[in-house]
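Chain by chain, the residues:
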Amino acid sequence: MSNEIKDYLEKQAVILDVRTQEEWDEGHVATAKHIVLNLIPLELEQIKSWKKPVIAVCRSGARSGQATQFLQQHGLDVINGGPWQNVAQFIED
């Protein structure tokens, strides 16, 4: 998993955090985009407009897994990064 995250970060992947606003406020990757899981379908065009690979993250990996499946079904290059801290460890402050 960590090698895949590193590979995606090297490809300039966008980190997409799908947690709630409260969870986001408690801590997140500074460069991440925040779109709550249930809003992903409404924001699909915005996500596509980034024209970059995506690493979906949440608290445990379950919601980011759902987001990953949905986005893959719509043709995006996306992986499930699991808990946001998985990705945070690779990001320079």
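Relevant structure appears above.
We now turn to the structure provided with this report. Keep in mind that what you see is a predicted model, and the values were worked out from it rather than measured.

Thresholds applied
Residues numbered from 1 in each chain as written. Predicted model: local features only at pLDDT ≥ 70, side-chain atom pairs only at ≥ 80, totals over all residues. Heavy atoms only, no water. Phe/Tyr/Trp six-rings, centres within 6.5 Å; stacked < 30°, edge-to-face > 60°. Lys NZ or Arg CZ within 6 Å of the ring centre and 35° of its normal. Buried < 20%, exposed > 50% of the residue type's maximum accessible area, 1.4 Å probe, protein only. Helix = DSSP H or I, 4+ residues; strand = E, 2+ residues; numbered from the N terminus. Arc of directions from axis to C-beta. Contact = heavy atoms within 4.5 Å. Core = buried A, V, L, I, M, F, W, Y, C linked by side-chain atoms within 4.5 Å.

**Here we look at the packing of aromatic side chains**
Logical step 1: Within the structure shown, the criterion is met by zero aromatic pairs.
Logical step 2: In this structure, Lys11 is placed above the aromatic ring of Tyr8, and the distance from its NZ or CZ to the ring centre is 4.1 Å.

**Some remarks on helix α1 (residues 2-10)**
Logical step 1: Those residues of α1 lying buried are Ile5, Tyr8 and Leu9. For α1, the angular spread of buried residues about the axis comes to 100 degrees, placing them on one side. Opposite the packed face of α1, turned more than 90 degrees from it, sit the exposed residues Asn3 and Glu10.
Logical step 2: Close packing links the buried residues of α1 with β1 (14-17), β3 (54-58), β4 (78-83) and α5 (84-88).
Logical step 3: Count one or two residues on from α1 and you reach Gln12, which has phi positive near 65 degrees.

**With respect to the nonpolar core**
Logical step 1: Within the largest apolar cluster, 16 residues are counted, with the highest numbers of intra-cluster contacts made by Leu16, Val18, Ile40, Ile47, Trp50, Val54 and Leu71.
Logical step 2: Sorting the residues of this core by element identifies β1, α3 (44-49), β3 and α4 (62-73) as the ones contributing at least two each.
Logical step 3: By residue number, the principal contributor to this core is β3, which donates three residues.
Logical step 4: In this structure Ile47 touches Leu16, Ile35, Ile40, Val54, Leu71 and Leu76, once residues within four positions along its chain are discounted.
Logical step 5: Residues Ile55, Ile79, Trp84 and Val87 belong to the second largest nonpolar core, which totals 13 residues.

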